[in-house]
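# A closer look at the structure
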Amino acid sequence: MTEPQNKLANCMEKFRPVLLTLAETMISPGLRGNVEASDLVQLTLLEAHRNTDQLAAIGEGPIFAWLRKALQHNVLDAVKHLKAQKNDIRRTLRCSEIGESFHCIEQFFVADDTSPSQFVQRNEQITTMLAAIQDLPANQRTAIILKHLRGHSLKEVADALQLSESATAGLLHRGRQQLVQRLEQAGHE
Amino acid sequence: MSDSTVDKSKSSSDETADLHLVELERAAEQREPFHAVDPTCIEQEHLRYFAIIEELASPIRSAISQTASPPTLPDYGPLEEVGRGGMGVVYRASNHKTNRIDAIKVIRPDRIACSSQETNLQLRRRFQLECQLAARVSHEHIVPIYQVGEVDGCTWFSMQYVAGPSLYERSRQKAIQQDELVRCVERIARAIDAVHQCGVLHGDIKPQNILFDQETARPMLSDFGLAELASEFNGNANDITGTLAYMAPELVEAIRSQRTSDFVAVRSVASDIFALGATLGSVLPTRSMATFITSSVFGPEDAEKRRGELRNHITVNADPALARICIKCLADDPVARYATASQLADDLASWLDRPRWNQHFPSLRYLLCFVAAPGLALSGLSVWLLQKWGVNEIALWIAIFVSYVPLFAALWASQSVHRDSERARRELWSIWLGHGVASVACMTAIRIQNADELARSIALFYPTCAAISSVVFFAKSGNFWYAYRWIGAAWALAAIVLAVANPISPVLFGIFAAITCIVVAKGDSAFADS
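Residues numbered from 1 in each chain as written. Chains lettered and ligands numbered in written order. Predicted model: local features only at pLDDT ≥ 70, side-chain atom pairs only at ≥ 80, totals over all residues.

## Remarks on the overall build of chain B
Within chain B, the secondary structure is distributed over 22 helices and seven strands. Here chain B, with 530 residues, has 38% of them falling under the buried criterion. Nonlocal contacts in chain B, meaning residues at least 24 apart in sequence, comprise 65% of its contacts between residues at least 6 apart. (Helix = DSSP H or I, 4+ residues; strand = E, 2+ residues; numbered from the N terminus. Buried ≥ 20, exposed ≤ 12 C-beta atoms within 10 Å, placed from the backbone. Contact = placed C-beta atoms within 7 Å.)

## A short note on the nonpolar core
Core analysis: the largest hydrophobic core is formed by 66 residues, its most contacted members being Ile104(B), Val185(B), Ala189(B), Leu276(B), Cys329(B) and Leu344(B). Element by element, the count of residues in this core is highest for helix 6 (residues 178-196) of chain B, at nine residues. Counting contributing residues per domain, this core is built from domain 2 (80-160) and domain 3 (167-352) of chain B, each supplying no fewer than three. Ala23(A), Met26(A), Phe102(A) and Leu24(B) belong to the second largest nonpolar core, which has 54 residues in total. (Core = buried A, V, L, I, M, F, W, Y, C linked by C-beta atoms within 7 Å. Domains from an automatic or database assignment.)

## Some remarks on unusual backbone geometry
Residues and elements named next belong to chain B. Even without being a glycine, asparagine 99 presents a positive backbone phi close to 60°. For asparagine 99, a count of 7 C-beta atoms within 10 Å translates into the label exposed. Backbone geometry places alanine 217, a non-glycine residue, at a positive phi of 60°.

## Thoughts on the confidence of the model for chain B
Residues and elements named next belong to chain B. Confidence in the prediction of chain B, expressed as mean pLDDT, is 77, and 75% of residues score 70 or more. Mean pLDDT across the elements of chain B ranges from a minimum in helix 8 (residues 238-241), with 39, to a maximum in helix 21 (residues 484-500), with 94. Here residues 233-242 scores under 50 on pLDDT; set against residues more than four positions off or in separate chains, the count is 39 contacts. Interface predicted TM-score (ipTM) for the complex: 0.84; the corresponding pTM is 0.57. (pLDDT = per-residue confidence, 0-100.)

Encoded structure:
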């Protein structure tokens with residue numbers, strides 16, 4: 001493997017967990033089981049692999065942007081083809097919502113390699129956090145995503161996980177603790 | 001370690017701690033500080049972790065959930081959301097006092113990513129100041145700002161409600177003709193010039209910011225003087241993203257070097273001119289069916305690539321004179337661009353006033369090809385024949401100069417037909433009148449010098465007349481079709497050829513003139529069908 005290809009492979013490895021968290025956040029709980037976040041991320045990375053020539057030539061920021069765009073297409077495609085035999089109005093609505101969400105996320109990330117250093121650092125931290133969420137145990141991960149990334153209340157999270165509120169509060173606290181530790185580690189490196 | 005094992009092995013003390021955590025969690029949800037006489041270790045930890053994760057997660061969440069409910073503003077009825085931008089939400093609401101529908105832009109507090117409260121406050125003040133400055137701007141093609149205020153920590157301002165569509169949407173739907181588009185940009189350029197004179201820069205001119213008033217169909221420029229500040233207000237380059245595609249290279253360079261202070265310093269009239277040129281270029285309709293693919297701009301490297309694409313798009317699709325105007329706006333060197341927006345507007349206006357002869361005489365192109373060209377060739381042939389047969393000299397003179405008659409007749413007729421291309425018509429009139437007078441003068445002078453040799457006079461006359469034609473076409477290349485200079489060069493060459501081909505020079509001259517007629521009719525866009 002040449003050096004740029006190596007760089008691309010490292011990049012993809014770095015962004016895989018970030019994309020997973022984003023995909024899991026985007027796919028609402030109602031769709032889980034029909035649309036698998038990990039499949040979509042796998043598909044996205046495969047596409048990136050096919051475009052090695054194009055991607056190896058650009059920087060990390062643009063690669064991340066490319067991956068997000070590809071992921072967006074894949075998520076939207078998956079949702080569109082869901083129950084494709086029926087013309088479901090809710091599906092159209094959901095698609096436009098997901099599209100809008102991706103658009104808004106893009107506003108935060110785009111030009112992350114071009115902005116003042118303070119913002120670069122913040123974006124770096126967000127990326128680290130999104131990646132670290134994937135290292136959490138399954139229940140903690142779901143709780144953190146629902147609570148902090150989708151903005152659900154403690155009760156809603158507990159209902160979704162079918163756990164008591166106290167157990168959920170414990171999951172959330174331990175999850176956050178681990179994330180903060182990871183962020184601090186990354187900060188010291 | 002999986003959660004189930006943790007849950008199973010939980011001791012009773014852990015459960016008490018978890019119950020305590022529920023309280024803490026709820027307090028955090030309500031955004032109430034948890035008041036404890038002596039905060040324990042776990043409370044401090046909880047607060048700290050929650051704050052860190054919340055700070056990082058909230059921008060992602062606000063993008064996904066979009067649950068922010070509109071604020072209540074004094075004097076305004078319920079707010080109805082009409083759009084979302086990088087820095088805030090745009091609402092529509094009716095003003096109780098004036099009974100008028102206004103557009104209201106609210107800057108979302110969660111979009112402000114400043115490290116300290118102090119800078120936040122400072123930026124908020126500057127933003128208000130800038131709003132006030134922009135509110136002073138008054139021009140018929142600029143969306144006026146009515147009121148600036150603050151509610152629940154959100155800065156908001158109200159402006160005239162322009163329903164749209166934007167220039168971007170209209171160009172996407174192919175609902176705008178090239179001429180209307182150029183006229184729209186010309187008006188916007190005049191508006192920008194008026195405001196530049198007040199010392200305010202726009203900083204974010206793009207097709208999305210040019211809206212068409214539904215009632216008057218007038219193009220209106222929105223977000224005056226706020227864009228650049230908004231991106232600073234955000235504390236990040238969010239708003240720059242939508243704009244990189246229309247951003248002058250010197251600004252892109254400032255972003256690349258990550259010096260925000262440079263970015264502000266480099267902004268100038270020239271960077272607004274660049275944005276105007278990029279706006280015009282990017283919405284130009286394509287000639288073929290293929291649409292112009294606007295490549296996404298993620299970073300400065302892409303901006304450079306996009307500039308190249310844009311220039312290419314313009315040279316391929318625009319009329320050469322219009323392309324020249326656009327390319328001048330898009331010069332890498334700010335000094336090479338137009339010095340003021342009004343100069344750009346003037347050039348666009350004169351392009352719009354360009355001669356369009358075919359509009360005046362619908363079949364002028366065919367007249368040129370099928371009447372004028374054969375006529376000129378015949379006139380050359382007849383001169384040669386008359387000379388050979390030794391006919392009276394007056395008949396020869398008539399045969400030589402008869403071809404001017406239809407030309408002047410057409411110019412004369414156009415006077416009463418249309419006033420649009422008045423300047424161009426006057427210019428053509430004087431150029432061709434000059435050609436005619438000079439030719440007659442040359443012929444007369446040559447005849448005086450070679451009184452007894454008619455054949456020699458004619459042999460001398462034709463190269464001279466070709467040289468005069470060369471001058472005429474070079475003169476026309478400045479304000480008309482650029483290819484006239486090549487025709488001028490061809491006539492200069494023809495002058496030499498005619499001098500060599502002595503006996504048949506009248507015939508050759510006629511053929512050259514006929515070819516010129518056909519080339520002009522086919523090539524000059526002034527003869528094109530509109």
